[in-house]
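# Remarks on the overall topology
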Amino acid sequence: MSECIVITSGKGGVGKTTTSANLGVALALQGATVAVVDADIGLRNLDVILGLENRIVYDLVHVIEGECRLKQALIRDKRADGLYLLPAAQTRDKNAVTPQQMRELTDKLKEEFDYVLVDCPAGIEQGFKNAVAGADRAVIVTTPEVSAIRDADRIIGMVEAAELPEPQLIINRYRNKMVSRGDMMNKEDILEILAIPLLGIIPDHEDIIISANRGVPAVFDEASVVGEAFRRCARRVAGEPDVPELDFSEGNGLWGTMKRWMGFGAAAQGVA
Amino acid sequence: MNTLINKLFNRDNRTSKDDAKQRLKVLLIHDQVDLTPAQLDAMQDEITAVIQKYVEIDRDNSIVRLERGDDRIALISSVPVRRVIERALPA
Ligand SMILES: Nc1ncnc2c1ncn2[C@@H]1O[C@H](COP(=O)(O)OP(=O)(O)O)[C@@H](O)[C@H]1O
Ligand SMILES: [Mg+2]
């Protein structure tokens, strides 16, 4: 049974594109077939995060306007079997597409893929409506900040209004040190306020910036903590029960210990 | 810098995340009913004016606020009314 999942947030810059790329790669590495769709028309980004920007010929709007077939626009990621990207158009605007057209497109993709992940643009206007149109469920990304959580609450309401099931939450850019000195809301604080189930916590980590520089999402790196955090989210998305929460506090926990053992000490140091 | 901010706001016993959480709780309730705290204040002034036509009230100790219940948001108001005996006494 295939599923279309929209990755959304309300606020910009909280990590939707980073999450879409990493979840997509992780699900594919776990053996699923995945299409990641960049629905941020006019502000194409997912292609560069995935390092596939040089291979774009056709985009989502070309497909919708019938200038090419869906298969021609899909870019195969040679590093992860079963992973394909449908890029956004860069020189068009969000009104080039209607929710009805998006739904038809994602329905078609669902015939071919186990997962269709839609990277939603920021905001609550047309772009959001397009991105959720064909979704079976939503993942909400937030950071532990007042403004991001406020917008997440707004989006949760809109997801409910779109008659999707209860969304799951990813808390991104979590900083253990700040949490432990009381300068950042912790997991419990945020879940109490937003009252939706948690999909996972992603640490604030320099690996994300390095991997964006290179166009190689962090989940490709076996030794990356932040990659591991995304891999666990992907396992939960795939329905694996009781995936334990990653303890990414610096040098602590099984992951830190394993890292030191295996001589990956430096990788864990990036956790702020 | 942290301590300076704390001193300025005299919140030595509160961490910044407590402030964040408190502010968010108020913010989300107001967002959900689309009424800002300032609009709520204005409403309180109007309500007070109406009540004052009938009874004398203790404006400083009146409260009007939004509260989240189990599955709904309620407007909670407490308006202390002065007893006539207080009014009769010379100031
Ligand atoms: N966990 C993280 N640690 C460090 N930086 C991050 C993390 N998640 C996102 N970022 C950075 O934040 C910025 C915005 O991320 P992006 O995924 O593009 O957000 P969105 O798609 O929601 O606008 C990027 O520069 C990205 O590198
Ligand atoms: Mg984005």
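Residues numbered from 1 in each chain as written. Chains lettered and ligands numbered in written order. Predicted model: local features only at pLDDT ≥ 70, side-chain atom pairs only at ≥ 80, totals over all residues. Heavy atoms only, no water.

Turning our attention to the site of ligand 1. All names here are of chain A. Of all residues adjacent to ligand 1, which total 14 residues, the nearest are Gly13, Lys16, Thr17, Thr18 and Asn172. Within the contact set of ligand 1, an oxygen atom lies 3.2 Å away from a backbone nitrogen or oxygen of valine 14. When isolated, ligand 1 has an accessible area of 560 Å², and the protein chains bury 79% of it. Spatially, ligand 1 is embedded in the largest pocket. Elements that contribute at least two residues to the shell around ligand 1 include exactly helix 1 (16-29), strand 7 (168-174) and strand 8 (198-203). Considering each element in turn, the shell around ligand 1 owes the most residues, three residues, to helix 1. Of the residues assigned to the shell around ligand 1, the class counts are four nonpolar, seven polar and three charged. (Near = heavy atom within 4 Å. Polar contact = N/O pair within 3.5 Å; in protein donor to acceptor, adjacent residues only side chain to side chain. Areas by Shrake-Rupley, 256 points an atom, 1.4 Å probe, with all protein chains shown as cover. 1 Å grid on protein atoms, 1.4 Å probe; cavity = no way out; pocket = protein on both sides within 12 Å on 5 of 7 lines; lining within 4 Å. Sits in = over half its atoms within 2 Å of the grid points. Helix = DSSP H or I, 4+ residues; strand = E, 2+ residues; numbered from the N terminus. Nonpolar A, V, L, I, M, F, W, Y, C, P; charged D, E, K, R; others polar.)

Looking now at helix 11 (residues 225-237) of chain A. Residues and elements named next belong to chain A. Relative to the 18 Å expected for 13 residues at 1.5 Å per residue, helix 11 spans 18 Å between its end C-alpha atoms, a close match to the ideal helical length. Every buried residue of helix 11 is listed here: Val225, Val226, Gly227, Glu228, Ala229, Phe230, Arg231, Arg232, Cys233, Ala234, Arg236 and Val237. Glycine 239 lies just past helix 11 and shows a positive phi near 95°. (Expected span 1.5 Å × (residues − 1). Buried < 20%, exposed > 50% of the residue type's maximum accessible area, 1.4 Å probe, protein only.)

Right, let's get into the interface of chain B and chain A. Contacts between chain B and chain A engage 13 residues on the former and 13 residues on the latter. Across the chain B/chain A interface, buried area totals approximately 1300 Å², and carbon plus sulfur atoms make up 57% of it. Broken down residue by residue, the surface that chain B buries against chain A is led by Lys17(B), Lys21(B) and Leu24(B), which jointly contribute 40%. Here chain B is connected to chain A by five salt bridges. Its salt-bridge partner being Arg150(A), residue Asp31(B) comes within 2.6 Å of it at the nearest N-O pair. Our count for the contact surface shared by chain B and chain A stands at 10 residue pairs in polar contact (both at pLDDT 80 or more). If you tally residues by element for the side of chain B that touches chain A, the top one is helix 2 (residues 16-33) of chain B, at 11 residues. In terms of residue class, the side of chain B that touches chain A is built from four nonpolar, four polar and five charged. (Contact = heavy atoms within 4.5 Å. Buried area = accessible area lost by both parts, 1.4 Å probe. Salt bridge = Lys/Arg side-chain N within 4 Å of Asp/Glu carboxyl O.)

In this section: a negative patch on the surface. Residue and element names in this part refer to chain A. Together, Glu104, Asp107, Glu111 and Glu112 make up a negatively charged patch on the protein surface. Relative to the elements of secondary structure, glutamate 112 occurs in helix 5 (residues 99-112). Assessed through its relative accessible area of 47%, glutamate 112 is described here as partly exposed. (Patch = residues over 30% accessible without salt bridge, like charges linked within 9 Å, V, L, I, M, F, W, Y side chains within 5 Å. Lys, Arg positive; Asp, Glu negative; His and termini not counted. Charge placed at Lys NZ, Arg CZ, Asp CG, Glu CD.)

Any two side chains of opposite charge can pair, given that their charged atoms come close. Inspection of every chain in the model, using the stated rule, returns 21 salt bridges over all chains. Across the salt bridge formed by Asp189(A) and Lys17(B), the nearest N and O atoms sit 2.6 Å from each other. On the criterion of chain membership, the pair formed by Asp189(A) in helix 9 (residues 187-194) and Lys17(B) in helix 2 is interchain, its members lying in two chains. Salt bridges sharing common partners tie together Asp189(A), Glu192(A), Lys17(B), Lys21(B) and Lys25(B).

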